Amino acid sequence: MLATELSIPHVSTGEILRSAVSGHTELGLKAQAYMDQGELVPDELILGMVRDRLTQPDTQAGWILDGFPRNVSQAKFFDELLNTISQAYDRVVNLDVPDETLVTRLLGRGRKDDSEAVIRNRLAVYREQTAPLIDFYQSRQHLFSVDGSQAVEAVMAEIRRMIEV
Ligand code: AMP
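In this report, the structure presented in the accompanying data block is examined. All values reported here derive from a predicted model rather than from experimental measurement. All residue numbers refer to positions counted from 1 along the written sequence of the respective chain. Given that the model is predicted, a residue must reach a pLDDT of at least 70 before its local features are reported, and side-chain atom pairs must reach 80 or more before they are shown or counted; all residues, however, enter totals for whole chains, interfaces and linings. With hydrogens and water stripped out, all remaining heavy atoms of the structure feed into the side-chain values.

**Digging into the overall build of the chain**
Moving on, step 1. Each helix is a run of DSSP H or I of at least 4 residues and each strand a run of E of at least 2, with the numbering of both proceeding from the N terminus. When its secondary structure is counted, the chain shows 9 helices and 4 strands.
Moving on, step 2. Going from N to C terminus, the chain has its helices and strands arranged as α-β-α-α-α-β-α-β-α-α-α-β-α.
Moving on, step 3. A compact globule built from 165 residues would reach a C-alpha radius of gyration of about 15 Å, and the chain, at 16 Å, matches this within 12%.
Moving on, step 4. Dimensions of the chain, computed from the C-alpha atoms along their principal axes, are close to 40 × 35 × 30 Å.
Moving on, step 5. Within the span of the chain, comprising 165 residues, buried residues form 39% of the whole.
Moving on, step 6. In the form shown here, the chain has an accessible surface area of approximately 9600 Å², with 53% of it arising from carbon and sulfur atoms.
Moving on, step 7. Across the chain, the 17 positively charged side chains and the 25 negatively charged ones have centroids separated by 1 Å. Radius of gyration: C-alpha atoms only; globule rule: 2.2 Å multiplied by the number of residues to the exponent 0.38. Each residue is placed in one exposure class: buried if its accessible area under a 1.4 Å probe, protein chains only, is under 20% of its type's maximum, exposed if it is over 50%, and partly exposed if it falls in between. Surface accessibility follows the Shrake-Rupley procedure with a 1.4 Å probe radius. Residue values consider only the protein chains on display as shielding. By the counting scheme adopted, Arg and Lys are positive, Glu and Asp are negative, and His together with the chain ends is not counted. A charge is said to be at NZ when it belongs to Lys, at CZ for Arg, at CG for Asp and at CD for Glu.

**Some points on unusual backbone geometry**
Moving on, step 1. Omega for the bond connecting Phe68 with Pro69 falls within 30 degrees of zero, at -10°, which places this linkage in the cis form.
Moving on, step 2. Turning to its location among the elements, Pro69 is positioned in the loop between strand 2 (64-66) and helix 5 (72-84).
Moving on, step 3. Within the chain, His24 stands out as a residue other than glycine whose phi angle is a positive 50°.
Moving on, step 4. You can see His24 is positioned in the loop between helix 2 (13-22) and helix 3 (26-37).

**Topic: the site of the ligand**
Moving on, step 1. Neighbouring the ligand are 15 residues; Thr13, Arg18, Glu39, Gly67 and Gln74 lie closest to it.
Moving on, step 2. Between Glu39 and the ligand, the recorded distance is 2.6 Å, taken from a backbone N or O atom to an oxygen atom.
Moving on, step 3. Tallying contributions element by element places helix 2 first for the shell around the ligand, with 4 residues.
Moving on, step 4. Its residues assigned to classes, the shell around the ligand shows 6 nonpolar, 4 polar and 5 charged. Being near a molecule or strand, for a residue, means having at least one of its heavy atoms within 4 Å of it. By the criterion applied in these results, polar contacts are pairs of N or O atoms within 3.5 Å in which, for protein atoms, one can donate a hydrogen and the other can accept it, and in which residues neighboring in sequence qualify only through two side-chain atoms. When residues are grouped by polarity, Ala, Val, Leu, Ile, Met, Phe, Trp, Tyr, Cys and Pro land in nonpolar, Asp, Glu, Lys and Arg in charged, and all others, Gly among them, in polar.

**Re the pattern of salt bridges**
Moving on, step 1. Here, a salt bridge means any side-chain nitrogen of Lys or Arg that lies within 4 Å of a carboxyl oxygen of Asp or Glu. Per the stated rule, a full pass over the model turns up 13 salt bridges.
Moving on, step 2. Here the residues in one salt-bridge network are Arg109, Arg111, Asp113, Asp114 and Arg122, joined through shared partners.

**Remarks on the side chain of Asn94**
Moving on, step 1. Checked against the element boundaries, Asn94 lands in strand 3 (residues 92-96).
Moving on, step 2. By relative accessible area, which is 11% here, Asn94 ends up buried.

Structure representation (structure tokens):
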């Protein structure tokens, strides 16, 4: 919704990976087992993918990155990449949602990797590898937390207010 409203691309690393899997590309073949288990796909596959995407012409006016960075080493790489390509990010949004709400929502979504066991593994991986990014971005004063347990429209309205700051 936000990408449409701002007329900038929504860049989801998960979506790029899912289309690589369904296209049976080399990247897709390498990534699939990790995705099926709710593990992070190794950084060496992710970083080149993000670099390729953010150096395409449609991303020059901005982008919304979704699902990246997922760990501190991706975040450090990302800072270097942005330096190299003379871009910057304005906001980092932390959508804060209780685990049980997430499990209920994801079970209702019906994606292939949305069995309860895989969802719970993704939450464990999140806590261990992704949650440290909250401190990483807070210390850089770029982090904004939003109560993501609200309805979609309310979450959208809060994010919009936040990016106007
Ligand atoms: P998502 O669509 O963001 O929920 O991602 C789905 C799956 O793709 C994740 O469970 C990971 O296996 C993989 N994935 C997506 N983004 C990343 C990333 N930045 N780093 C590592 N793995 C990722």
